Amino acid sequence: MTQFDKRNLSMMMDFYEMTMSYGYFRQPRSDVRVAFDLFFRAVPDRGGYAIFAGLEHVIEFVENLSFSDEDIEYFRRQNLFSEEFLQFLRDFRFRGDVYSIPEGTVIYPDEPLMTIVAPVIDAQLVETAILTQINHQSLVATKASRIVRAAEGRGISDFGARRAHNMDAATYGARAAYIGGVDMTATVSAGQQFGIPISGTMAHSWVMFFEDEFTAFKSYAEIYPHATVLLVDTYDVVHSGVPNAIRTAHEILEPMGERLAGVRIDSGDLAYLSKRIRKMLDNEGLTDCKIILSNSLDEFTISSLLLQGAQVDSFGVGERLITAKSDPVFGAVYKLVAVERGGVFVPRIKMSENVEKLTNPGLKDLYRIYDQYGKAVADMLAVRGESIDSTRPFRYIDPLKPWKNRFFEDFSAVKLQRLYVKHGCRVQELPSLDEIRAYVRRQLDEEIWPEEQRFENPHRHYLDMTPDYYEVKMGLLNEVRGKHS
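If you're wondering where the values come from, they're calculated on a predicted model, not measured in any experiment.

**Observations regarding the environment of I147**
So, point 1. With respect to the secondary-structure elements, I147 resides in helix α6 (residues 127–151).
So, point 2. Once the C-alpha coordinates of I147 and D298 are considered, the two residues, 151 residues apart in sequence, prove to be 6.0 Å apart.
So, point 3. Among residues more than four places away in sequence, those in contact with I147 are I156, D298, E299, I302, V317 and L321.

This is the structure we're talking about:
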């Protein structure tokens, strides 16, 4: 079997999903419906917000969830499952509902980003695959957003494929980076599959292939006169690379009526060299020639370069973007929050010695609260279907300070979760990738406080509760504590 053989992604699961599913299958009511929430506990890099990404591929996964004859035979060889259960798997299709916030939404810890309401076996079988997609793409989209913000309007290209953990990580990571605000990718598969603009010129090997650097530059310029970007650090940036680029501009491009589009440096003291290069280019009348910097960049190094006065028009960002190197785990989890009994969903709560692992139980609605100027001041959990009256002051509970009497005034409340899949079938059209990207930008530009977007000590976005929901959670805590103390 090779990497190019067709894969059945339905097999992307932890084995306990199958052992538990068989256990549920053996119960008197194996089709009882449950609700699971997907949420995360901490923003990577101690940031103030994250970006939700991966929903489109979750929906594709649940729509196509099935098991082939080869899959059934593999499970049969484990000698754990009955033939009746294996026949159930052979005919299996996802029968549940998927509620989710829209892809590209700015998100915060402990909020239900997705809620799966489905027969217990269905809900269990999708756990790992959903977490894999959301954890990876949300992580890279969040990192990309930070990098784009650090660049202060300068272009960012994704150069990360060769440092990604595998081919899928490179391709889907490029998609997530584009959602987060990156302008282009060097990953051709992502450009083809998702319509992301692609970029790329030459590597050092091109320059080294020729007898000398000028010949390499001359050959490239003759082939691509309309978009000549030259890599100038193969030998010596100041004494060889830039002089040969300037010579190429004057002797090769200008006689054809073309201009040198840019030069890129991928090593050395980028701040110092970029300033030196800018002077050399400007002195030769090449003021329109762009300077591109690359080499192990992230938001921290980019911010440092700009503070040092680096002369740069765009950045190529690779390994530290595609792997989110500084904090490479997003940490989304998938927890049971309710079980249906007699047509009613009864809340469930996970208790823990660690307060941050205490879950928010039950079916619920997630609202974003906006002030009169359209700024997002908080998010709020409510009992599913609870009415929020914004025509008068609305009392809410801060779960960290429940004794305080607090009200939202002159506000609007927008419910964030939508129904995307019902009984296994998609019921809502998904936006294009460019629409998702624009949605991210609009939120950060217009709705999210700048204080939440800073890198150091960002303002905490509050997750409040309606009094009714807070009462449900506290009542369940007391009930569980009484049973298990």
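Structure shown, so let's carry the discussion forward.
**A short note on the sheet that holds strand β5 (residues 114–119)**
So, point 1. The strand order across the open sheet built from 7 strands is β13-β12-β1-β5-β3-β19-β20, with neighbouring strands paired in antiparallel fashion. Looking at strand neighbours, the two that pair on one side only are β13 (344–347) and β20 (425–426), the edges of this open sheet.
So, point 2. Both strand β3 (residues 97–100) and β5 contribute to a ladder of 4 bridges, which runs antiparallel. Bridging from a neighbouring strand, V98 pairs with I116 of β5.
So, point 3. Contacting β3, β5, β19 (418–422) and β20, helix α2 (residues 55–63) crosses the sheet at an angle of about 25° to β19.

**What to know about the UniProt feature "domain: Nicotinate phosphoribosyltransferase C-terminal" (unreviewed entry) in the chain**
So, point 1. Look at the UniProt record and you will see "domain: Nicotinate phosphoribosyltransferase C-terminal" (unreviewed entry) annotated at residues 364–473.
So, point 2. Taken end to end, residues 364–473 comprises 24% helix and 33% strand; its first and last C-alpha atoms sit 11 Å apart.

**Some details on the packing of aromatic side chains**
So, point 1. Taken as a whole and assessed by the stated rule, the structure comprises 23 aromatic pairs.
So, point 2. Ring geometry for F81 and F85: centres 5.6 Å apart, planes at 50°, overall tilted. Considered together, F81 and F85 belong to a single accessibility category, that of buried residues.
So, point 3. With a centroid separation of 5.8 Å and an interplanar angle of 85°, the aromatic rings of W206 and Y220 are classed as edge-to-face. Taken as a pair, W206 in helix α9 (residues 204–209) and Y220 in helix α10 (residues 213–223) lie far apart in primary sequence, 14 residues in all.
So, point 4. Directly above the ring of F214 sits R247, whose terminal nitrogen or CZ lies 3.6 Å from the centroid.
So, point 5. Over the ring of W449 we find K375, and its NZ or CZ is 5.9 Å from the ring centre.

**Description of the nonpolar core**
So, point 1. Formed by 71 residues in total, the largest nonpolar core has its most connected members in I156, V232, V263, L281, I302 and F315.
So, point 2. Per element, the largest residue contribution to this core is 8 residues, and it comes from helix α11 (residues 237–253).
So, point 3. Those residues in contact with I156 that lie beyond four places of it in its chain are I147, V148, A151, V182, D183, M184, I302, F315 and V317.

**Section: the sheet that holds strand β18 (residues 412–415)**
The strands that make up a sheet pair up through hydrogen bonds in the backbone, lying either parallel or antiparallel.
So, point 1. The 4 strands lie next to each other as β18-β14-β15-β21, forming an open sheet whose pairing is mixed. Edge positions in the open sheet fall to β18 and β21 (462–465), since each of these has one partner strand only. For this sheet, the mean inter-axis angle between neighbouring strands, taken without regard to orientation, is 30°.
So, point 2. As paired strands, strand β14 (residues 364–370) and β18 are joined by 4 bridges and run antiparallel to one another. Paired with R368 across the two strands is V414, which belongs to β18.

**Observations regarding helix α13 (residues 299–307)**
So, point 1. Taken together, the buried positions of α13 are E299, I302, L305 and L306. Along the axis of α13, the buried positions cluster into a sector of 125°, meaning they face one direction only.
So, point 2. Structurally, α13 contributes buried residues whose contacts are with α6, β6 (155–158), α12 (270–283), β10 (290–294) and β11 (314–317).
So, point 3. Measuring from the side-chain oxygen of the N-cap residue of α13 to the backbone nitrogen of F300 gives 3.0 Å; that N-cap residue is D298.
So, point 4. The first or second residue beyond α13 is G309, which carries a positive phi of 80°.

**Re the UniProt feature "domain: Nicotinate phosphoribosyltransferase N-terminal" (unreviewed entry) in the chain**
So, point 1. In this numbering, the UniProt entry assigns the feature "domain: Nicotinate phosphoribosyltransferase N-terminal" (unreviewed entry) to residues 11–135.
So, point 2. Across residues 11–135, the secondary structure splits into 41% helix and 18% strand, with the terminal C-alpha atoms separated by 18 Å.

**Comments concerning the packing of α6 against α13**
So, point 1. The N-to-C vectors of α6 and α13 enclose an angle of 0°; their axes lie 8 Å apart at closest approach. When the axes of α6 and α13 are compared, the pair comes out roughly parallel. In this structure, α6 contributes K143, R146, I147, A150 and A151 to the contact, and α13 contributes E299, F300, I302, S303 and L306.
So, point 2. Of the residues that constitute the contact of α6 with α13, the class distribution is 6 nonpolar, 1 polar and 3 charged.

**Quick word on the pattern of salt bridges**
So, point 1. By the definition in use, this model includes 32 salt bridges.
So, point 2. The salt bridge involving E299 is made with R146; its shortest N-O contact spans 2.6 Å. Of this pair, E299 sits in helix α13 while R146 sits in helix α6, placing them 153 residues apart in sequence. You'll find E299 and R146 in the same group, each marked buried.
So, point 3. Residue R259 pairs with D288 through a salt bridge whose shortest N-O separation is 2.9 Å. A residue pair is termed long-range when its members are at least 10 positions apart, and R259 in the loop between α11 and β9 (262–265) and D288 in the loop between α12 and β10 qualify at 29 residues.
So, point 4. When its relative accessible area of 35% is taken as the criterion, D288 is described as partly exposed.

**Quick word on the packing of helix α3 (residues 69–76) against helix α4 (residues 83–90)**
So, point 1. Two elements in contact, α3 and α4, have axes whose closest approach is 10 Å; the angle formed by their N-to-C orientations is 155°. By the angle class used here, α3 and α4 are roughly antiparallel. For the pair α3 and α4, the crossing hand works out as right-handed. Side by side, α3 and α4 meet where D69, I72, F75 and R76 of the first sit next to E83, L86, L89 and R90 of the second.
So, point 2. Residue composition of the contact of α3 with α4, by class: 4 nonpolar, no polar and 4 charged.

**A short note on the side chain of N244**
So, point 1. Within the element layout of this structure, N244 appears in helix α11.
So, point 2. Overall, the relative accessible area of 15% leaves N244 in the buried class.
So, point 3. Polar side-chain contacts of N244 include one of 3.0 Å to the side chain of E213.
So, point 4. When sequence neighbours within four positions are dropped, the list of residues in contact with N244 reads E213, F214 and F217.

Cut-offs applied
Residues numbered from 1 in each chain as written. Predicted model: local features only at pLDDT ≥ 70, side-chain atom pairs only at ≥ 80, totals over all residues. Heavy atoms only, no water. Helix = DSSP H or I, 4+ residues; strand = E, 2+ residues; numbered from the N terminus. Contact = heavy atoms within 4.5 Å. Pairing = 2+ DSSP bridges. Axes fitted to C-alpha atoms, helices over the stretch in contact; angles between N-to-C directions. UniProt positions renumbered as here; feature names shortened; annotations may be inferred. Phe/Tyr/Trp six-rings, centres within 6.5 Å; stacked < 30°, edge-to-face > 60°. Buried < 20%, exposed > 50% of the residue type's maximum accessible area, 1.4 Å probe, protein only. Lys NZ or Arg CZ within 6 Å of the ring centre and 35° of its normal. Core = buried A, V, L, I, M, F, W, Y, C linked by side-chain atoms within 4.5 Å. Arc of directions from axis to C-beta. Polar contact = N/O pair within 3.5 Å; in protein donor to acceptor, adjacent residues only side chain to side chain. Parallel < 35°, antiparallel > 145°, perpendicular 65-115°, else oblique. Nonpolar A, V, L, I, M, F, W, Y, C, P; charged D, E, K, R; others polar. Salt bridge = Lys/Arg side-chain N within 4 Å of Asp/Glu carboxyl O. Left-handed = near helix turned anticlockwise from the far one by under 90°.

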